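Chain by chain, the residues run as shown.
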Amino acid sequence: MTAAAGRLLAVSDLHVVHAENRRLVEEQIVPGSPRDWLLVAGDVSETVSEIEWALGLLRDRFERVVWTPGNHDLWTPKDDEVSLRGEARYRYLVEMCRSLGVLTPEDPYAVWEGEGGPVAVAPLFTHYDYSFRAPGLTKEQSLAAAHESGVVCTDEFLLHNDPYPDADSWCRARVAATAARLDAVDPSLPTVLVNHYPTVREPTDVLHYPQFAQWCGTTLTADWHVRYRAAAVVYGHLHIPRTTYYDGVRFDEVSIGYPRERRQRGLPRGVLRDVLRPHEDGA
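What you are looking at is a predicted structure, and each value in this text was computed from that prediction instead of being measured. (Residues numbered from 1 in each chain as written. Predicted model: local features only at pLDDT ≥ 70, side-chain atom pairs only at ≥ 80, totals over all residues. Heavy atoms only, no water.)

Looking at the environment of Glu-202
No. 1: Along the chain, Glu-202 falls in the loop between β6 (191-194) and α7 (224-227).
No. 2: Ignoring anything within four residues of it in the chain, the contact list for Glu-202 reads Arg-242 and Tyr-246. (Helix = DSSP H or I, 4+ residues; strand = E, 2+ residues; numbered from the N terminus. Contact = heavy atoms within 4.5 Å.)

This is the structure we're talking about:
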(Lines give C-alpha, C1' and ligand atoms only; values in the text may rest on other atoms or scores of the structure.)
Protein backbone atom coordinates (compact mmCIF):
# COMPACT_ATOMS: atom_id res chain seq x y z
CA MET A 1 0.00 0.00 0.00
CA THR A 2 1.38 3.39 -0.96
CA ALA A 3 1.57 6.57 1.07
CA ALA A 4 -1.14 7.96 -1.22
CA ALA A 5 -3.52 5.50 0.42
CA GLY A 6 -2.98 7.22 3.75
CA ARG A 7 -0.88 6.75 6.86
CA LEU A 8 -1.58 6.85 10.59
CA LEU A 9 0.77 9.61 11.78
CA ALA A 10 1.46 10.85 15.29
CA VAL A 11 2.98 13.80 17.12
CA SER A 12 2.81 15.30 20.59
CA ASP A 13 4.08 18.15 22.74
CA LEU A 14 3.65 20.84 20.11
CA HIS A 15 3.97 23.61 22.74
CA VAL A 16 2.93 26.31 20.28
CA VAL A 17 3.30 28.91 23.02
CA HIS A 18 6.87 29.03 21.68
CA ALA A 19 7.10 31.01 18.41
CA GLU A 20 9.59 28.54 16.93
CA ASN A 21 7.20 25.65 17.59
CA ARG A 22 4.31 27.59 16.13
CA ARG A 23 6.26 28.06 12.91
CA LEU A 24 7.13 24.37 12.90
CA VAL A 25 3.44 23.47 13.11
CA GLU A 26 2.61 25.91 10.33
CA GLU A 27 5.38 24.75 8.00
CA GLN A 28 6.19 21.11 8.75
CA ILE A 29 3.16 19.28 10.11
CA VAL A 30 1.56 18.50 6.78
CA PRO A 31 0.11 15.29 5.34
CA GLY A 32 1.75 13.34 2.56
CA SER A 33 -1.67 12.21 1.37
CA PRO A 34 -5.17 13.65 1.72
CA ARG A 35 -6.09 10.40 3.49
CA ASP A 36 -3.53 10.72 6.32
CA TRP A 37 -4.78 10.76 9.90
CA LEU A 38 -2.96 12.61 12.68
CA LEU A 39 -2.81 11.53 16.32
CA VAL A 40 -1.96 14.40 18.69
CA ALA A 41 -0.87 13.01 22.05
CA GLY A 42 -1.29 16.13 24.15
CA ASP A 43 0.49 19.31 25.20
CA VAL A 44 -0.66 21.38 22.26
CA SER A 45 -0.28 24.54 24.33
CA GLU A 46 -1.30 26.25 27.56
CA THR A 47 -4.19 28.53 26.61
CA VAL A 48 -7.46 27.55 25.01
CA SER A 49 -7.03 29.98 22.11
CA GLU A 50 -3.64 28.50 21.17
CA ILE A 51 -4.94 24.94 21.44
CA GLU A 52 -7.90 25.84 19.24
CA TRP A 53 -5.66 27.54 16.67
CA ALA A 54 -3.30 24.58 16.35
CA LEU A 55 -5.93 21.83 16.28
CA GLY A 56 -8.07 23.82 13.85
CA LEU A 57 -5.12 24.25 11.49
CA LEU A 58 -4.28 20.55 11.64
CA ARG A 59 -7.90 19.48 11.16
CA ASP A 60 -8.02 21.52 7.97
CA ARG A 61 -5.01 19.58 6.66
CA PHE A 62 -5.61 15.99 7.70
CA GLU A 63 -8.50 13.69 6.94
CA ARG A 64 -8.94 13.04 10.64
CA VAL A 65 -7.30 14.43 13.78
CA VAL A 66 -7.43 12.63 17.13
CA TRP A 67 -6.47 14.50 20.32
CA THR A 68 -5.89 13.52 23.90
CA PRO A 69 -4.99 16.06 26.60
CA GLY A 70 -1.56 16.63 28.02
CA ASN A 71 -0.88 18.25 31.35
CA HIS A 72 -0.09 21.63 29.75
CA ASP A 73 -3.45 21.59 27.97
CA LEU A 74 -5.13 21.24 31.36
CA TRP A 75 -3.24 24.04 33.10
CA THR A 76 -5.17 27.12 34.14
CA PRO A 77 -2.73 30.00 33.53
CA LYS A 78 -3.63 33.39 34.94
CA ASP A 79 -3.49 35.00 31.49
CA ASP A 80 -5.93 32.57 29.85
CA GLU A 81 -9.34 34.00 29.01
CA VAL A 82 -10.83 30.63 29.99
CA SER A 83 -10.43 30.26 33.75
CA LEU A 84 -12.04 26.83 34.09
CA ARG A 85 -10.17 24.29 36.19
CA GLY A 86 -9.76 20.53 36.28
CA GLU A 87 -12.58 18.41 34.91
CA ALA A 88 -14.52 21.47 33.75
CA ARG A 89 -11.55 22.64 31.69
CA TYR A 90 -11.13 19.19 30.18
CA ARG A 91 -14.81 19.06 29.20
CA TYR A 92 -14.57 22.53 27.69
CA LEU A 93 -11.65 21.39 25.53
CA VAL A 94 -13.58 18.30 24.48
CA GLU A 95 -16.49 20.43 23.27
CA MET A 96 -14.09 22.79 21.51
CA CYS A 97 -12.51 19.83 19.71
CA ARG A 98 -15.90 18.53 18.69
CA SER A 99 -16.75 21.91 17.19
CA LEU A 100 -13.57 21.61 15.10
CA GLY A 101 -14.24 18.03 14.05
CA VAL A 102 -11.38 16.66 16.19
CA LEU A 103 -11.90 13.34 17.99
CA THR A 104 -11.32 13.15 21.76
CA PRO A 105 -11.23 10.49 24.49
CA GLU A 106 -14.96 11.05 24.95
CA ASP A 107 -15.92 10.14 21.37
CA PRO A 108 -16.49 6.72 19.79
CA TYR A 109 -13.18 5.17 18.78
CA ALA A 110 -12.57 5.51 15.05
CA VAL A 111 -11.34 2.51 13.08
CA TRP A 112 -8.32 3.08 10.84
CA GLU A 113 -8.75 1.01 7.68
CA GLY A 114 -5.56 2.07 5.88
CA GLU A 115 -2.05 0.65 5.97
CA GLY A 116 -1.61 -1.58 9.03
CA GLY A 117 -5.36 -1.64 9.70
CA PRO A 118 -7.99 -2.25 10.63
CA VAL A 119 -7.25 -0.99 14.14
CA ALA A 120 -9.38 0.85 16.68
CA VAL A 121 -7.73 4.20 17.44
CA ALA A 122 -8.25 4.85 21.16
CA PRO A 123 -7.29 8.26 22.58
CA LEU A 124 -6.92 7.92 26.35
CA PHE A 125 -6.98 10.35 29.23
CA THR A 126 -5.78 8.54 32.33
CA HIS A 127 -3.95 11.31 34.27
CA TYR A 128 -1.33 10.22 36.86
CA ASP A 129 -1.30 9.19 40.51
CA TYR A 130 2.37 9.52 41.59
CA SER A 131 2.79 5.72 41.47
CA PHE A 132 5.86 6.05 39.20
CA ARG A 133 7.86 6.97 42.30
CA ALA A 134 10.97 5.51 43.87
CA PRO A 135 10.40 2.13 45.55
CA GLY A 136 9.80 2.28 49.27
CA LEU A 137 8.56 5.88 49.33
CA THR A 138 5.04 6.99 50.08
CA LYS A 139 3.49 9.62 47.84
CA GLU A 140 4.06 12.23 50.53
CA GLN A 141 7.71 11.25 50.93
CA SER A 142 8.26 11.23 47.18
CA LEU A 143 6.75 14.70 46.75
CA ALA A 144 8.76 16.02 49.68
CA ALA A 145 11.96 14.65 48.17
CA ALA A 146 11.13 16.30 44.83
CA HIS A 147 10.54 19.67 46.47
CA GLU A 148 13.78 19.34 48.41
CA SER A 149 15.70 18.61 45.19
CA GLY A 150 14.02 21.45 43.30
CA VAL A 151 12.60 19.12 40.63
CA VAL A 152 8.88 19.82 40.85
CA CYS A 153 6.42 19.64 37.96
CA THR A 154 4.60 22.92 37.28
CA ASP A 155 1.37 20.90 37.48
CA GLU A 156 1.59 21.30 41.24
CA PHE A 157 0.81 24.99 40.73
CA LEU A 158 -1.23 25.21 37.51
CA LEU A 159 -3.07 21.90 37.03
CA HIS A 160 -6.10 21.64 39.29
CA ASN A 161 -8.01 18.42 39.92
CA ASP A 162 -11.44 19.92 40.67
CA PRO A 163 -13.89 18.49 41.63
CA TYR A 164 -11.63 15.64 42.76
CA PRO A 165 -9.63 16.11 45.97
CA ASP A 166 -6.34 15.13 44.31
CA ALA A 167 -4.72 13.78 41.17
CA ASP A 168 -4.92 10.22 42.50
CA SER A 169 -8.71 10.35 42.69
CA TRP A 170 -9.10 11.86 39.23
CA CYS A 171 -6.69 9.26 37.86
CA ARG A 172 -8.62 6.36 39.36
CA ALA A 173 -11.87 7.70 37.94
CA ARG A 174 -10.35 8.20 34.49
CA VAL A 175 -8.72 4.76 34.46
CA ALA A 176 -11.99 3.06 35.43
CA ALA A 177 -14.03 4.94 32.81
CA THR A 178 -11.42 4.38 30.10
CA ALA A 179 -11.03 0.68 30.85
CA ALA A 180 -14.80 0.25 30.52
CA ARG A 181 -14.69 1.83 27.07
CA LEU A 182 -11.72 -0.28 25.99
CA ASP A 183 -13.43 -3.42 27.27
CA ALA A 184 -16.28 -2.69 24.86
CA VAL A 185 -14.06 -2.58 21.75
CA ASP A 186 -14.64 -5.41 19.28
CA PRO A 187 -12.24 -8.12 20.55
CA SER A 188 -11.30 -9.00 16.97
CA LEU A 189 -9.77 -5.55 16.50
CA PRO A 190 -6.25 -4.61 17.57
CA THR A 191 -5.88 -1.10 18.95
CA VAL A 192 -3.60 1.89 18.78
CA LEU A 193 -3.53 3.42 22.26
CA VAL A 194 -2.85 7.17 22.31
CA ASN A 195 -2.06 8.69 25.70
CA HIS A 196 -0.05 11.71 26.77
CA TYR A 197 1.78 9.64 29.38
CA PRO A 198 3.47 6.28 28.82
CA THR A 199 1.16 3.49 29.93
CA VAL A 200 4.10 1.58 31.39
CA ARG A 201 6.75 2.87 33.74
CA GLU A 202 9.87 1.68 31.91
CA PRO A 203 10.24 4.69 29.56
CA THR A 204 10.77 6.93 32.58
CA ASP A 205 13.91 5.00 33.54
CA VAL A 206 15.94 7.20 31.17
CA LEU A 207 14.82 10.51 32.66
CA HIS A 208 17.70 12.80 33.58
CA TYR A 209 15.77 13.71 36.73
CA PRO A 210 14.17 10.51 38.05
CA GLN A 211 12.12 12.54 40.56
CA PHE A 212 9.99 13.72 37.62
CA ALA A 213 8.71 10.20 36.90
CA GLN A 214 5.95 10.51 39.51
CA TRP A 215 4.18 13.01 37.22
CA CYS A 216 4.41 10.67 34.21
CA GLY A 217 1.64 8.09 34.48
CA THR A 218 0.11 5.36 36.59
CA THR A 219 0.90 1.71 37.25
CA LEU A 220 -2.84 1.01 36.80
CA THR A 221 -2.32 0.90 33.02
CA ALA A 222 0.77 -1.35 33.06
CA ASP A 223 -0.89 -4.26 31.23
CA TRP A 224 -3.11 -2.33 28.85
CA HIS A 225 -0.89 -2.84 25.79
CA VAL A 226 -1.40 -6.60 26.18
CA ARG A 227 -4.91 -6.57 27.61
CA TYR A 228 -6.23 -4.40 24.78
CA ARG A 229 -4.33 -5.99 21.88
CA ALA A 230 -2.24 -2.91 21.08
CA ALA A 231 -0.59 -2.84 17.69
CA ALA A 232 1.18 0.29 18.92
CA VAL A 233 1.14 2.68 21.86
CA VAL A 234 1.69 6.38 21.22
CA TYR A 235 2.72 8.79 23.96
CA GLY A 236 4.67 11.97 24.63
CA HIS A 237 5.36 14.04 27.76
CA LEU A 238 8.94 12.84 28.33
CA HIS A 239 10.43 14.84 25.43
CA ILE A 240 12.58 11.83 24.59
CA PRO A 241 11.40 10.74 21.12
CA ARG A 242 12.22 7.09 20.49
CA THR A 243 10.75 3.66 19.87
CA THR A 244 10.86 0.87 22.43
CA TYR A 245 9.14 -2.50 22.78
CA TYR A 246 7.46 -4.09 25.78
CA ASP A 247 5.96 -7.57 25.52
CA GLY A 248 6.59 -7.29 21.80
CA VAL A 249 4.41 -4.17 21.49
CA ARG A 250 5.80 -1.04 19.91
CA PHE A 251 5.77 2.15 21.99
CA ASP A 252 6.44 5.43 20.16
CA GLU A 253 7.33 8.59 22.08
CA VAL A 254 6.46 11.25 19.49
CA SER A 255 7.07 14.59 21.19
CA ILE A 256 8.41 17.68 19.45
CA GLY A 257 9.38 19.26 22.77
CA TYR A 258 10.88 22.67 23.42
CA PRO A 259 13.05 24.58 20.91
CA ARG A 260 16.12 24.30 23.13
CA GLU A 261 15.77 20.52 23.22
CA ARG A 262 15.54 20.26 19.44
CA ARG A 263 18.62 22.40 19.03
CA GLN A 264 20.44 19.87 21.18
CA ARG A 265 19.16 16.65 19.61
CA GLY A 266 17.42 17.64 16.35
CA LEU A 267 14.52 15.70 14.89
CA PRO A 268 16.23 12.65 13.36
CA ARG A 269 13.00 11.02 12.22
CA GLY A 270 11.35 14.18 11.03
CA VAL A 271 8.38 15.71 12.81
CA LEU A 272 5.73 13.02 12.34
CA ARG A 273 5.91 9.33 13.24
CA ASP A 274 4.19 6.68 11.11
CA VAL A 275 3.05 4.45 13.93
CA LEU A 276 2.04 1.38 11.93
CA ARG A 277 4.93 1.23 9.48
CA PRO A 278 8.00 -0.80 10.55
CA HIS A 279 11.16 1.20 11.11
CA GLU A 280 14.50 0.87 12.84
CA ASP A 281 14.57 1.01 16.61
CA GLY A 282 16.22 3.85 18.49
CA ALA A 283 15.80 7.52 19.19
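A closer look at the side chain of Asn-195
No. 1: By the secondary structure assignment, Asn-195 is in the loop between β6 and α7.
No. 2: A distance of 3.2 Å separates polar atoms of two side chains, one belonging to Asn-195 and the other to Thr-126.
No. 3: For Asn-195, the side chain forms a polar contact with the main-chain oxygen of Tyr-197, separated by 2.9 Å.
No. 4: With residues near it in sequence (within four places) discarded, Asn-195 still touches Ala-41, Thr-68, Leu-124, Phe-125, Thr-126, Val-234, Tyr-235 and Gly-236. (Polar contact = N/O pair within 3.5 Å; in protein donor to acceptor, adjacent residues only side chain to side chain.)

Some words on the sheet that holds strand β7 (residues 230-235)
No. 1: What the six strands build is an open sheet, ordered β4-β5-β6-β7-β9-β8; its pairing is mixed. Two strands bound the open sheet, and with one partner strand each, they are β4 (110-112) and β8 (242-246). With strand direction ignored, the average angle separating the axes of adjacent strands in the sheet is 25°.
No. 2: Across four bridges, β6 lies against β7 in parallel orientation. Considered in β7, the bridge of Leu-193 is made with Val-233. (Pairing = 2+ DSSP bridges. Axes fitted to C-alpha atoms, helices over the stretch in contact; angles between N-to-C directions.)

Focus: the nonpolar core
No. 1: Counting 41 residues, the largest nonpolar core has Leu-14, Ile-29, Leu-38, Val-40, Leu-55 and Trp-67 as the members making the most contacts within it.
No. 2: Among the elements of the structure, β1 (8-11), α1 (19-28), β2 (37-40), α2 (48-61), β3 (64-67), α3 (86-100), α4 (139-149) and α6 (167-183) are those that each provide at least two residues to this core.
No. 3: Dropping the residues within four chain positions of it, Leu-14 is found in contact with Asn-21, Val-25, Ile-29, Val-40, Gly-42, Asp-43, Val-44, Leu-58 and Ile-256.
No. 4: In this structure, Cys-171, Val-200, Leu-207 and Val-233 belong to the second largest nonpolar core, which totals 25 residues. (Core = buried A, V, L, I, M, F, W, Y, C linked by side-chain atoms within 4.5 Å. Buried < 20%, exposed > 50% of the residue type's maximum accessible area, 1.4 Å probe, protein only.)

Looking at the pairing of strand β9 (residues 249-253)
As a general feature of sheets, a regular strand has side chains that alternate between the two faces.
No. 1: Along β9, five of the five residues are buried, which leaves the element largely enclosed by surrounding structure.
No. 2: Sheet analysis places β7 next to β9, joined by four bridges and oriented parallel. The partner of Ala-232 across the bridge, within β9, is Arg-250.
No. 3: Across five bridges, the pairing between β8 and β9 is antiparallel. Among the inter-strand pairings, Thr-243 is bridged to a residue of β9, identified as Asp-252.
No. 4: Hairpin remark: β8 followed by β9, antiparallel, with two residues in the connecting loop; positive phi at Asp-247, about 55°.

Description of the side chain of Asp-36
No. 1: Within the secondary structure, Asp-36 is located in the loop between α1 and β2.
No. 2: At a separation of 2.8 Å, a polar atom in the side chain of Asp-36 contacts the main-chain amide nitrogen of Gly-32.

Notes on the pattern of salt bridges
No. 1: Tallying each qualifying case throughout the model produces 16 salt bridges.
No. 2: A salt bridge links Arg-174 to Glu-106, with the nearest nitrogen and oxygen atoms 3.0 Å apart. Here Arg-174 is found in helix α6, whereas its partner Glu-106 is found in the loop between α3 and β4, with 68 residues between them in sequence.
No. 3: Arg-174 gets classed as buried once you look at its relative accessible area, which sits at 8%.
No. 4: Relative accessible area serves as the criterion here: at 22%, Glu-106 is assigned to the partly exposed category.
No. 5: We note a salt bridge from Lys-139 to Asp-168, for which the minimum N-O separation is 2.8 Å. Here Lys-139 is found in helix α4, whereas its partner Asp-168 is found in helix α6, with 29 residues between them in sequence. Assigned by exposure class, Lys-139 and Asp-168 land together as buried. (Salt bridge = Lys/Arg side-chain N within 4 Å of Asp/Glu carboxyl O.)

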